[in-house]
Amino acid sequence: MLTLDNLLLVQDDFRLSANWSLPAGARAAVIGPSGAGKSTFLMALAGFLQPASGRILWQGRELAQVAPGDRPLSILFQDQNLFPHLTVAQNLGLGLRPDLRLSPEQHRQVASVLDRVGLGGMGARKPAQLSGGQLGRAALARVLLRARPMLLLDEPFAALGPALKAEMLDLLAEVAGETGATVLMVTHDPADARRFAEMSVLVADGVAAAPVPTAALFADPPPALRAYLGS
């Protein structure tokens, strides 16, 4: 379970608070107006921003003193976090060994997960040689390989067209189901939230609100979300 215990984030005149829990294995969309703090919220969970007060706990363990690389999570950004000078296989291998001195078994793991996401035989390519959808698949392959219990996504498929984005969201749901990961995904698109996430967190007016069922949130949106949606 992810627990935010009276969490307060402060950056200059920006403040964001949260005080709630999310069960292990849950999938939640993080939605709200631009500039409300959605990405900042994820950065704090990942360890790149220290809270002003309060605690972030995973399965009862406080993460305050845990370095970002040692936290029980993976994070994906819109640029997919792939190093352009490395091959796809090497990018994935970094998730197993930062020095890329992979054992034969680890090389087999990389090849297997590439097959799983439909990139079999493409491990020797550089990211620039992949399409947008293939880049998304490579990023999800690394998530599968790392098998961390929590996954944070900051609009990783925003640049994709509707059909391809829907395909990637479905693949993400499969990956999350296979790993049992707890997922928080920042999105500006209500359709993405409805397709992927049974719960949604509204970030607005200085608060990351407690997760509520996605269908219920959009059926009767609070004023901040109504203004954002233009409805």
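Undergrad: Would you take a moment to explain the pairing of strand E9 (residues 199–204) for this structure?
TA: Sheet faces and side chains relate simply in a regular strand, where the side chains alternate between the two faces. Across the six residues that make up E9, a large majority, five, are buried. Where strand E3 (residues 27–31) lies against E9, four bridges are found, and the strand directions are parallel. Bridge pairing in E9 links Ala29 to Ser200. As paired elements, E9 and strand E11 (residues 212–213) share two bridges and run antiparallel to each other.

Undergrad: Would you explain the environment of His188 in this entry?
TA: Summarising the element assignment, His188 is placed in the loop between strand E8 (182–186) and helix H6 (190–196). Taking relative accessible area as the criterion, His188 reaches 29% and is therefore assigned partly exposed. For the pair His188 and His107, spaced 81 residues apart in sequence, the C-alpha separation works out to 37 Å. Every residue in contact with His188, bar those within four places of it in the chain, is listed here: Ile31, Gly32, Ser34, Lys38, Glu155 and Tyr228. A polar atom in the side chain of His188 sits 3.4 Å from the side chain of Ser34. Engagement of the side chain of His188 in a polar contact is seen with the side chain of Glu155, the distance being 2.8 Å.

Undergrad: Please explain the nonpolar core as it appears in this structure.
TA: For soluble globular proteins, nonpolar side chains are generally found buried alongside one another. Ranked by internal contacts, the top residues of the largest apolar core, which has 42 residues, are Leu92 and Leu172. Top contributing element to this core by residue count: helix H4 (residues 132–146), with seven residues. For Leu172, the residues in contact, after removing those within four places along its chain, are Leu140, Leu151, Leu153, Phe157, Met185 and Phe196. Met43, Met150, Leu184 and Ala208 belong to the second-largest nonpolar core, a separate cluster that totals 33 residues.

Undergrad: Can you walk me through the side chain of Thr187 in this structure?
TA: Within the fold, Thr187 resides in the loop between E8 and H6. Among residues more than four places away in sequence, those in contact with Thr187 are Ala29, Val30, Ile31, Lys38, Glu155, Asp192 and Ala193.

Analysis parameters
- Residues numbered from 1 in each chain as written.
- Predicted model: local features only at pLDDT ≥ 70, side-chain atom pairs only at ≥ 80, totals over all residues.
- Heavy atoms only, no water.
- Buried < 20%, exposed > 50% of the residue type's maximum accessible area, 1.4 Å probe, protein only.
- Helix = DSSP H or I, 4+ residues; strand = E, 2+ residues; numbered from the N terminus.
- Pairing = 2+ DSSP bridges.
- Contact = heavy atoms within 4.5 Å.
- Polar contact = N/O pair within 3.5 Å; in protein donor to acceptor, adjacent residues only side chain to side chain.
- Core = buried A, V, L, I, M, F, W, Y, C linked by side-chain atoms within 4.5 Å.

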